[in-house]
Every structure is written in structure tokens, then in C-alpha cells.
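Report on the structure
The residues making up each chain are set out below.
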Amino acid sequence: MPITTSAFSVRLRVRLFHIPGTLGRLTTAIGRAGGNLTSFEGFEIRGDYVDRQLTVDAKSEEHIQEICDAVAAVEGVELLEWADRTFEIHQGGKLETVSRVPLRDPIDLAMAYTPGVARVSMAIHDDPERVHELTIKRHTVAVVTDGSAVLGLGDIGPAAALPVMEGKSTLFKEFGGVDSFPLALDVRDVDEFVETVVRVAPVFGGINLEDIAAPRCFEIEDRLRERLDIPVMHDDQHGTAIVALAALTNALQVVDKHLADVSVVIAGAGAAGVAIVKILLSVGAIDIVVTDRTGAIHGDRSDLNPSKEWLADNTNPRHVTGTLPDALRGADVFIGVSAPDLITSEDVAAMADRPIVFALSNPNPEVDPTSIRDIAAVIATGRSDYYNQINNVLAFPGVFRGALDAGATDITEGMKIAAAEAIASLVAPGELEPRYVIPSPFDRRVATTVAEAVAAEAQEEGICR
């Protein structure tokens, strides 16, 4: 069931009769319409009237209109204007280019540009590795997509994906101090995608792949890692896997179970599902069953693409068959990276004692978390308005910050595991409880802690220039 969220926040400017009771009727109307009044932002008295601005969270675009209609119908209230606040913050885009050096006079100009810049260019020409020292390459990442698998939206193309990529760049900067730029590529052919990224790579110190459909995303990442000597990571795969492992590490402590002993069911065999399987296997998980739209993935199925064939060969040791609810019976852990409303509270009740449920589909999870509060021991979602948010922002800013700081030429499985351990460590043993198994995305310790762990692992593995 949809709930009010700041993703559908509306700003209202209203004019009220300046008499007792008018404001009360207004707020009552908003509440009856299902809106969540979050703030009043000042007022201005105009004779017998008062102008006020308020902010209301809604459930959808249609709900915003319902709230506006309800406000306009209140006696003594005139709705002067309203605006969708999400669209307001996207006006003109969310990024800008800012110079890091002052240009105050001809002296500065002569050093930053001609003639002084020629000396720096020739220094790089003579020693190409100095590009990492003397240009933006040392702290800049490309956020690259083709818009074929945008979270919650699907295949919407590169132009429509651009606001999402801009948002990713703002997160890189805000949480990791990493500069980045979105590249939305109008290509679908793997060869063309790879060649395009390789051609622009001299500008960037890392490549963050984003919202690319499976199974194409696997080949793109593998080929770029082979051809480039800078870190490449598909965040939909590995960012999700890192944070899921961190949360699961702590959730298992809450329920006093061990990874090697539990059965895990993963709904979704796309990019995130495959990456979660790989990272769990690498840290000792044994009993993993992955399901897709058809049901449990196993070796007897004849409808599997190459990535699902890999899953069939490396998971489901008990040869579980049937539907997702069938696979869930007796399972200890459910991780959903698929679609809304796939399972019910009855399915969770059929799991093992004290089950762990990570329902990560956005904006609506695989199961309503409120319906399983008395059943699941630990619940996590991908939503920002629910506790235990499994959000990639806990991983990718710190992972790339650490890789760039160390001069790493790759992002390895060991670096991902180090990132997960760093995230999990930020929930102290005395703080650990069912509603707090993962730190908040706004915990400013996260990116620094992850970066230090990732850099140390890169140095330990000897992959630094």
C-alpha cells in the first residue's frame, strides 16, 4: 500500500481569512485527504487575510491533486498556487561545473591556462602516469548508463535516465567527496557501449556503471575491467551486494545464526541478485536458492540464459523446485531484489523461526513490512522512510573514494567484502538490535570508514599504481 513520502512533496501557498478556526479547517481538510502536513514556512498578514506557505507529503501525483482540491474547497481559504517540490529541485538540473582554482588576475590566468598549462601538458606527455596527479582524473568518476534498467522504471532510455544519473553524481560528491559526471549513452550494442566508454576514459579515474539491463551489464563490466586500468564497478550489482552483506552480517548476529548454516532465498536473478549470490558465496554461504518469474532456478530448467545457467551451477544444492513461496518454506533469510508484492505475510510465517526479510524493491517492496512486524525478526527495505534502509549510497561513494585514494587499477571482490565489513562495523555491539542493523545513509562516518578499508585492501592485494 502506498504511503506518504517526500518524493511526492507539494508546496502550497494559501490565503486564509484571518479569523479563529480557519487554519484548523485547513489542516483538518489536509488530514482527511490523507496528506501529511510537514511544515509551515512563514506568513504575511494582508488586512483581513493572512498568506501562508505550507508543505505536504502525498502518496502519488494523483494524490497531490486530491490534496489541492481539498484545500481549495475549504471555506475561508484560497489556494493561490502549488508546486511539486521534486520537480522544483530538478529545474535546470542538479549539477554545475565549479573551478577549483582562482582566476583573479593575469598571473593566475598565465598559470591556469596559456602559456603555463603547456608545461603541465608536456609533463604528462613525457610521463603519462602523471595524469592521475595533475588533472581531474585523480578524483573524478563517470556515471555511465544506457537507461535500459532504471530502478523502478525499467527501460526508459538515456535522456529520461539523466536525472537519475545527476542524482548519483550529487551523492558521490556529498557523501564521498568524489567529483563525477553523468554520461547517458544512446547505444544498446555491447560493442558500441564498451568502445564509447573506452574512448572517454582518459578523463576519468573510475567508471560507475548504472541502470544497465542484465545480462548485457555483466559483459559490459567484464570487458571494461579487462580494457581499462582504472576502477570499474556496476553499482546496481555490487553496491547492492555490499550493503546487503553488511546488513545480513549484523542481522544474523541479532538472531544468533551463522551464514554457513542458514538457507537463503533470493527473489530476482538480475544484476543485483547475481552479485548478492557471488558475494555471499565468497564469504561462506552454502544454501542459496534464487528465483525468477518462473520459480526456483535449478539445473533441470531449459529456459536459462548464461547468467542464470551460472546460478543453476553454483546455487540450490538441495535442488529446490517450484514457486517463490515454495522455496521460502523453512528458509532463514529472504532477500528480494525483484518486484512489489511478490510474497505475503503467510509466506513469511512459513519461513524458519526468527526469519530475516530484506524486501528491497523500490518504491514498493516485495512484501508490506508493516504486515510482517510480528513475524520477521529483522526487516529491511530499500525505502528511506522505513528503518534499516539498504541503500547503495552506503557503499559506492566510499568504495570509489578508497580506490581513487589508493591509486587502485580495479575493484576486486576483496575490496567489496572489506567495504561490507566496514559498513557493518559502524553498528556497535551495544547498539545492534532488530531495527538497527545498518547505519543511516546520513551517518558521515560511513564513506570515510569504507574508503579506508577499501584502500587498505587494494594495497594489500597489490593492485595500486
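Residues numbered from 1 in each chain as written. Predicted model: local features only at pLDDT ≥ 70, side-chain atom pairs only at ≥ 80, totals over all residues. Heavy atoms only, no water.

A closer look at the pairing of strand S11 (residues 333-336)
Here S11 shows two buried faces, one formed by Val-333 and Ile-335 and the other by Phe-334 and Gly-336. Sheet topology note: the strand S9 (residues 263-267)/S11 ladder contains four bridges and is parallel. When the sheet's bridge partners are listed, Val-265 is paired in S11 with Phe-334. Pairing of S11 with strand S12 (residues 356-359) involves four bridges; the strand directions are parallel. Following the sheet pairing, Phe-334 is matched in S12 by Val-357. (Buried < 20%, exposed > 50% of the residue type's maximum accessible area, 1.4 Å probe, protein only. Helix = DSSP H or I, 4+ residues; strand = E, 2+ residues; numbered from the N terminus. Pairing = 2+ DSSP bridges.)

Considerations on the sheet that holds strand S5 (residues 140-145)
The strand order across the open sheet built from four strands is S6-S5-S7-S8, with neighbouring strands paired in parallel fashion. With partners counted over all chains shown, the strands left at the sheet margins are strand S6 (179-184) and strand S8 (232-234), one partner each. Between one strand and the next, the sheet's axes are offset by a mean angle of 20 degrees, whatever the strand orientation. Strand direction decides the pairing type here: S5 and S6, joined by six bridges, are parallel. Paired with Val-144 across the strands is Leu-183, a residue of S6. Packing against the sheet, helix H15 (residues 396-406) makes contact with S5, strand S7 (206-209) and S8, and its axis sits at approximately 160 degrees to S7. (Axes fitted to C-alpha atoms, helices over the stretch in contact; angles between N-to-C directions. Contact = heavy atoms within 4.5 Å.)

Details of the nonpolar core
Of all hydrophobic cores here, the largest spans 97 residues; its most connected members are Ile-207, Leu-280, Phe-358 and Ile-423. The dominant element in this core, judged by the number of residues it contributes, is helix H10 (residues 235-255), at 12 residues. Once residues lying within four places of it in the same chain are set aside, the contact partners of Ile-207 are Val-141, Ala-142, Val-144, Val-197, Leu-228, Ile-230, Pro-231, Val-232, Met-233 and Phe-400. Ala-267, Val-289, Ala-331 and Val-357 belong to the second largest nonpolar core, which has 20 residues in total. (Core = buried A, V, L, I, M, F, W, Y, C linked by side-chain atoms within 4.5 Å.)

What to know about the side chain of Asn-392
Among the secondary structure elements, Asn-392 is positioned in the loop between strand S13 (378-381) and H15. Aside from chain neighbours lying at most four places away, what touches Asn-392 is Lys-168, Asp-235, Asp-236, Gly-239, Thr-240, Val-243 and Pro-397.

Here's the deal with helix H16 (residues 413-425)
Taking 1.5 Å per residue as the helical rise, H16 with its 13 residues ought to reach 18 Å, and the 18 Å between its terminal C-alpha atoms agrees with that figure. If you check which residues of H16 are buried, you get Met-415, Lys-416, Ile-417, Ala-418, Ala-419, Ala-420, Ala-422, Ile-423 and Ala-424. Lining the buried residues of H16 we find H10, helix H11 (271-282), H15 and helix H17 (445-461). (Expected span 1.5 Å × (residues − 1).)

Observations concerning unusual backbone geometry
Of note, the amide linkage connecting Thr-114 to Pro-115 takes the cis form, showing an omega dihedral of 5 degrees. Mapping Pro-115 onto the fold places it in the loop between helix H4 (106-112) and helix H5 (117-126). Notably, Asp-211 is not glycine yet its phi reads approximately 55 degrees, a positive angle. You can see Asp-211 is positioned in the loop between S7 and helix H9 (216-227). You will see that His-319, though not glycine, has its phi angle at about 55 degrees, which is positive. Owing to a relative accessible area of 38%, His-319 belongs among the partly exposed residues under this scheme.

Focus on the pattern of salt bridges
Evaluated as defined, the whole model comprises 30 salt bridges. The shortest N-O distance in the salt bridge between Asp-332 and Lys-257 comes to 2.9 Å. Taken together, the residues Asp-332 in the loop between helix H13 (324-328) and S11 and Lys-257 in the loop between H10 and S9 connect sequence positions 75 residues apart. For Asp-405, the salt bridge is made with Arg-401, and the minimal N-O distance between the two is 3.0 Å. Taken together, the positions of Asp-405 and Arg-401, both in helix H15 and four residues apart, correspond to about one turn of that helix. By relative accessible area, which is 52% here, Asp-405 ends up exposed. Through salt bridges with shared partners, a single network forms among Arg-11, Arg-13, Arg-15, Asp-51, Glu-81 and Glu-88. (Salt bridge = Lys/Arg side-chain N within 4 Å of Asp/Glu carboxyl O.)

Remarks on the packing of H15 against H17
Close contact between H15 and H17 brings their axes to 7 Å; oriented N to C, the two are set at 45 degrees. Judged by the inter-axis angle, H15 sits oblique to H17. Seen from above, H15 lies across H17 with right-handed handedness. Seen from H15, the contacting residues are Gly-398, Val-399, Arg-401, Gly-402, Ala-403 and Ala-406; seen from H17, they are Ala-447, Val-450, Ala-451, Val-454, Ala-455, Ala-458 and Gln-459. Its residues assigned to classes, the contact of H15 with H17 shows nine nonpolar, three polar and one charged. (Parallel < 35°, antiparallel > 145°, perpendicular 65-115°, else oblique. Left-handed = near helix turned anticlockwise from the far one by under 90°. Nonpolar A, V, L, I, M, F, W, Y, C, P; charged D, E, K, R; others polar.)

Regarding the pairing of S12
The alternating pattern of S12 places Ile-356 and Phe-358 and Val-357 and Ala-359 on opposite faces, both of which are buried. Note: S12 against S13, four bridges, orientation parallel. When the sheet's bridge partners are listed, Phe-358 is paired in S13 with Ala-380.

Looking at helix H1 (residues 22-32)
Residues of H1 that are buried include every one of Thr-22, Leu-26, Ala-29 and Ile-30, and no others. In a view along the axis of H1, the buried residues occupy a sector of 100 degrees, so they form one face of it. Buried-residue contacts for H1 involve strand S1 (5-17), strand S2 (36-46), strand S3 (49-58), helix H2 (61-72) and strand S4 (77-84). Directly after H1, the chain includes Gly-34, whose backbone phi takes a positive value near 90 degrees. (Arc of directions from axis to C-beta.)

Comments concerning a negative patch on the surface
Judged by side-chain charge, Glu-61, Glu-62, Glu-66 and Asp-69 come together as a negatively charged surface patch. Turning to its location among the elements, Asp-69 is positioned in helix H2. In this structure Asp-69 comes out as partly exposed when scored by relative accessible area, which is 45%. (Patch = residues over 30% accessible without salt bridge, like charges linked within 9 Å, V, L, I, M, F, W, Y side chains within 5 Å. Areas by Shrake-Rupley, 256 points an atom, 1.4 Å probe, with all protein chains shown as cover. Lys, Arg positive; Asp, Glu negative; His and termini not counted. Charge placed at Lys NZ, Arg CZ, Asp CG, Glu CD.)

Shape is all these values report; function is a separate question.
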